[in-house]
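# Geometric and topological summary
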2 protein chains.
Amino acid sequence: MGDGLGGPRASATVTTGELLRLIRDGRATTRADLASLTGLARSTVGQRLDALIAGGLVYEAKKGPSTGGRPPTVLAFNESAGVVLAVDLGATHCRIAVADLNNATLAEVAGDLDIALGPEKVIERVMRRCHELLKLAGRVAADVRGVGLGVPGPVEFASGRPVSPPIMPGWDGVSIPELVRKQFDAPVLVDNDVNIMALGEWWAQLRDDPDILFIKVGTGIGCGIVAGGEIYRGSQGAAGDLGHIQVTDAVDALCRCGNVGCIEAVAGGAAIARQLRTLGYEANTSRDVVKLVRTGNTDAVRLVRTAGRQLGSVLASAVNFFNPSVIVMGGDIAHAHEQLLAGVREVVYQRSLPLATRHLRILRSGLGDRAGVTGAGVMVIERILSSTDVLGGMSGGMTETA
Amino acid sequence: MGDGLGGPRASATVTTGELLRLIRDGRATTRADLASLTGLARSTVGQRLDALIAGGLVYEAKKGPSTGGRPPTVLAFNESAGVVLAVDLGATHCRIAVADLNNATLAEVAGDLDIALGPEKVIERVMRRCHELLKLAGRVAADVRGVGLGVPGPVEFASGRPVSPPIMPGWDGVSIPELVRKQFDAPVLVDNDVNIMALGEWWAQLRDDPDILFIKVGTGIGCGIVAGGEIYRGSQGAAGDLGHIQVTDAVDALCRCGNVGCIEAVAGGAAIARQLRTLGYEANTSRDVVKLVRTGNTDAVRLVRTAGRQLGSVLASAVNFFNPSVIVMGGDIAHAHEQLLAGVREVVYQRSLPLATRHLRILRSGLGDRAGVTGAGVMVIERILSSTDVLGGMSGGMTETA
């Protein structure tokens, strides 16, 4: 104590990646812009810019018709200087995209893939698909600047290893980046699927709202948190584990986590399917629930509405605690019907504090199935561009020079 | 979409305040250090440093005995270049400190002050005490570089105005900074008291833990959140409002917020006092509860333990959601006895997910009554030093030059 305050730890260095982002975001179009925005010496700016141009990430575009003499030029970001691979692995399903450095999709594929096949087989199949997609997009493996990957379980983000994931047998502690880097020599980031979905939704439609929650109601219930425009992971990467918050002490609501009365065990897709079975319906998965709801079955509609209210009581607490400006609801069940959202809204607006709900919006996912790959792309692109070694993979390992 | 990714918005400029922080934190002791750490041109560093030295914030200290020629010097932060005022207003109590720019206390006073007297009278009395403390510390009003102030209610942080504060009659919408600036021409930051207590605890003992919760159990129950080393306020400044999370639907637990069954209405100090009255004890405030607990009264001890368990069920949800590495428990009741913490620990470790509690520590406040003024000081010092206009109040309104 006494020796230095600590406080917000802003980096005091301007990286080459930050110069690149100023150009990409249109905030700087000339060398003079870059020098005045950053305070860097003109010579430093020039040196780094030369490296970015040599690396193909920046080019000098003609500003307009030449009026004699040297034509005026502006600096522009070359979003085609590379591609990223975005992978969203679900329990039984997978979606893979190739995107440019502005996260525009160049090629994409979705299909069944059982996560229980284990890491070697799953990653091998995903990699094969990646190569096919690259070919389709007219790109090669050397163009890949980064890989972003979401998995349906908790992940130690720094190492990209799943941590005791309940529905991913064989994946515990496996280094996913190591498996991926056998195929692509580029940064690999792995995160929980709900986190990247939250980031995807934020990026696609909510960039003016720094603090949002994304709630996925599928077989289970998960939550991704964006705080200040970034994924919030908490101290062990476990943040957002909202599915195991207790809502009842009824003994019949036994949860796969070992506790009783978790919200997932009463309001998740599997729990609703179970309740439908006790009423004599044939319903085993959240998809079966969705089918019944879509046919207008009143038991299914009533159960989904009730699930919405129960989820609403948990979200009311989350709203009081986190004070987001938007809650985005995604996943099979949320997509099935407005009934779930109606139940959520009913209870959240009743139970949360007035100040916290004054401007709160509760929306259905805008991206649907594509939220995961969208967020995986954003995650890895931002990492690449903010790196001090943004040119690392681009031009033979160039590093920062002051 | 498509035009720029958004993403984490790092500022791309190195401010004079950042140079100052590098010197304060001991990361830079020479001009060459500053240039190489920031990438700024030597001439820019020199220009800004001259301004910092002229403004009295930095001085050149002798490194050791002269060996002939120009003696070697190192740059040092002058924590005595100014002072800050730190004010912690409670419902009936107030603590005020004068601190140097390293947040070391120079003079401090605590005493009774009824917030219900209204903003004009309360601020006037606080200001009078501030002048007395400054005199005691051998300082004058012109030395004051900033004022940090905590109040027992929700605050719109940007404007420093309380928003419908339930226990601050007459304060709704009042600009506290305006009242303070009648006396001191310096930045004034106002925040909820639990937020500054959280920041104070973090700064004093937990700077290696970026994500912590501070829980105050006094008359009511409040929560301050530190995420990534900064106060997290949420989109309306309402984050952390944990006291009004519902834990029961028993109708007798009517809360002052208008709902029933809020955790505050069953486990706060006022609620425990009410339960003690129904058992025939004379107990009106949380202080009365504390007195009974300290005498070893078994009813009081049992009720506090039960309150701890109920609070533990709410905190288990918060732990699943936010995944902090530390929960700090403060306020009258938490300080009274280990029983409250024991109850909290019992339920949190039982109900939260293994990954989230693997390294979770639940501690009693280290600062006690001083958490508020400590955090108020940190808050305002960090604001002053990170400002682009760090020299603003110091040397006649100098601003940044590139």
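### Re the overall build of chain A
Across its full length, chain A carries 14 helices and 14 strands. The globule rule puts the C-alpha radius of gyration for 402 residues at 21 Å, and the 24 Å found for chain A is close to it. Each of the three principal axes of chain A carries a C-alpha extent, and together these read 80 × 50 × 50 Å. Here chain A holds 402 residues, and 57% of them are scored as buried. Excluding contacts between residues fewer than 6 apart, the proportion of contacts in chain A whose partners are at least 24 apart in sequence is 60%. In the structure as shown, chain A presents an accessible area of about 15800 Å², 49% of it carried by carbon and sulfur atoms. Measuring between centres, the 40 positive side-chain charges of chain A sit 3 Å from its 41 negative side-chain charges.

### Points about the relation of the copies chain B and chain A
Turning chain B through 180 degrees and shifting it by 0.0 Å along the axis lays it on chain A, with an RMSD of 0.1 Å. The operation mapping one copy onto its partner corresponds to a two-fold rotation axis. The fraction of interface residues of chain B whose copies in chain A are also interface residues reaches 100%, indicating that both copies meet through the same surface.

### Quick word on the interface of chain B and chain A
Contact with chain B, which involves 78 residues of that partner, is made by 78 residues of chain A. Regarding the contact of chain B and chain A, the summed buried area is about 6600 Å², with carbon and sulfur atoms giving 55% of it. Counting the contacts that link chain B with chain A gives 0 salt bridges. At the boundary of chain B with chain A, the tally comes to 24 residue pairs in polar contact (both at pLDDT 80 or more).

### Considering unusual backbone geometry
Despite not being glycine, Asn103 of chain A has its phi angle at roughly 70 degrees, a positive value. Asn103 of chain A gets classed as buried once you look at its relative accessible area, which sits at 8%. Here the phi dihedral of Asn323 of chain B falls at roughly 50 degrees; this positive angle occurs in a residue that is not glycine. Mapped onto the secondary structure, Asn323 of chain B falls in the loop between helix 10 (298–322) and strand 13 (326–330). Residue classification places Asn323 of chain B among the buried positions, given a relative accessible area of 0%.

### Quick word on the packing of aromatic side chains
For the structure on display, the rule yields 5 aromatic pairs over all chains. Seen in terms of ring centroids, Tyr232 of chain A and Phe322 of chain B are 4.9 Å apart; in terms of plane orientation they differ by 10 degrees. Their pairing is stacked. Of this pair, Tyr232 of chain A sits in the loop between strand 12 (230–231) and helix 7 (263–267) while Phe322 of chain B is found in helix 10, placing the two residues in two different chains. Relative accessible area serves as the criterion here: at 10%, Tyr232 of chain A is assigned to the buried category.

### Observations concerning the sheet that holds strand 14 (residues 361–364) of chain A
All names here are of chain A. The strand order across the open sheet built from 5 strands is 12-11-10-13-14, with neighbouring strands paired in mixed fashion. Here the strands that pair on one side only, and so sit at the sheet edges, are strand 12 and strand 14. Pairing of strand 10 (residues 212–217) with strand 11 (residues 221–227), which is carried by 6 bridges, proceeds in the antiparallel orientation. By the bridge assignment, Ile215 is partnered in strand 11 with Cys223. This element, helix 12 (residues 338–351), spans strand 10, strand 13 (326–330) and strand 14 of the sheet and lies at about 170 degrees to strand 14.

### Quick notes on the pairing of strand 6 (residues 144–151) of chain B
Residue and element names in this part refer to chain B. Buried residues dominate strand 6, accounting for 8 of its 8 residues. Where strand 3 (residues 83–89) and strand 6 come together, 6 bridges link them in parallel fashion. Looking at the pairing, Val87 lines up with Leu149 of strand 6. Bridge count for strand 6 against strand 9 (residues 188–192) is 5 bridges, and the pairing is parallel. The residue of strand 9 that forms the bridge with Leu149 is Val190.

### Structural notes on the side chain of Asp191 of chain B
All names here are of chain B. Relative to the assigned elements, Asp191 resides in strand 9. Only 3.0 Å separates the side chain of Asp191 from the side chain of Asn195, close enough to count as a polar contact. Engagement of the side chain of Asp191 in a polar contact is seen with the side chain of Arg233, the distance being 2.8 Å.

### Quick word on the sheet that holds strand 11 (residues 221–227) of chain B
Residue and element names in this part refer to chain B. Read across the open sheet, the 5 strands follow the order 12-11-10-13-14; overall the sheet is mixed. The open sheet has two edge strands with one neighbour each: strand 12 (230–231) and strand 14 (361–364). Each of strand 10 (212–217), strand 11, strand 12 and strand 13 is contacted by helix 6 (residues 193–205), which is oriented at about 50 degrees to strand 11, the strand it contacts most. Along the sheet face, helix 10 touches strand 10, strand 11 and strand 13 and points at about 160 degrees away from the line of strand 10.

### What to know about empty space enclosed by the protein
The full count for this structure, using the stated rule, is 1 cavity of 30 Å³ or more. Taken as a whole, the largest cavity encloses approximately 40 Å³ of empty space. Ile225, Ala227, Tyr232 and Phe322 of chain A together with Ala227, Tyr232, Phe321 and Phe322 of chain B together form the lining of the largest cavity. Elements supplying a minimum of two residues to the lining of the largest cavity: strand 11 of chain A together with helix 10 of chain B. Looking at the lining of the largest cavity residue by residue, the class counts come to 8 nonpolar, no polar and no charged.

### Comments concerning the state of the cysteines
This structure, assessed with the given rule, holds 0 disulfides over all chains. Lacking any disulfide linkage, Cys257 of chain A is separated from the closest cysteine sulfur, that of Cys262 of chain A, by 3.6 Å. Cys223 of chain B carries a free sulfur, and the closest cysteine sulfur to it, the one in Cys262 of chain B, is 15 Å from it. Of the residues examined, Cys223 of chain B reaches a relative accessible area of 3% and is grouped as buried.

### Regarding the environment of Leu57 of chain A
All names here are of chain A. By secondary structure assignment, the location of Leu57 is in the loop between helix 3 (42–54) and strand 1 (58–62). Take Leu57: its relative accessible area is 0%, and that puts it in the buried class. Sequence separation between Leu57 and Val83 is 26 residues, and the spatial gap between their C-alpha atoms is 12 Å.

Thresholds, definitions, all that
Residues numbered from 1 in each chain as written. Chains lettered and ligands numbered in written order. Predicted model: local features only at pLDDT ≥ 70, side-chain atom pairs only at ≥ 80, totals over all residues. Heavy atoms only, no water. Helix = DSSP H or I, 4+ residues; strand = E, 2+ residues; numbered from the N terminus. Rg over C-alpha atoms; globule rule 2.2 N^0.38 Å. Buried < 20%, exposed > 50% of the residue type's maximum accessible area, 1.4 Å probe, protein only. Contact = heavy atoms within 4.5 Å. Areas by Shrake-Rupley, 256 points an atom, 1.4 Å probe, with all protein chains shown as cover. Lys, Arg positive; Asp, Glu negative; His and termini not counted. Charge placed at Lys NZ, Arg CZ, Asp CG, Glu CD. Least-squares fit on C-alpha atoms with pLDDT ≥ 70 in both. Buried area = accessible area lost by both parts, 1.4 Å probe. Salt bridge = Lys/Arg side-chain N within 4 Å of Asp/Glu carboxyl O. Polar contact = N/O pair within 3.5 Å; in protein donor to acceptor, adjacent residues only side chain to side chain. Phe/Tyr/Trp six-rings, centres within 6.5 Å; stacked < 30°, edge-to-face > 60°. Pairing = 2+ DSSP bridges. Axes fitted to C-alpha atoms, helices over the stretch in contact; angles between N-to-C directions. 1 Å grid on protein atoms, 1.4 Å probe; cavity = no way out; pocket = protein on both sides within 12 Å on 5 of 7 lines; lining within 4 Å. Points joined across faces, edges and corners; volume = space filled by probe spheres on them. Nonpolar A, V, L, I, M, F, W, Y, C, P; charged D, E, K, R; others polar. Disulfide = S-S within 2.5 Å.

On their own, these measurements won't tell you what the molecule is for.
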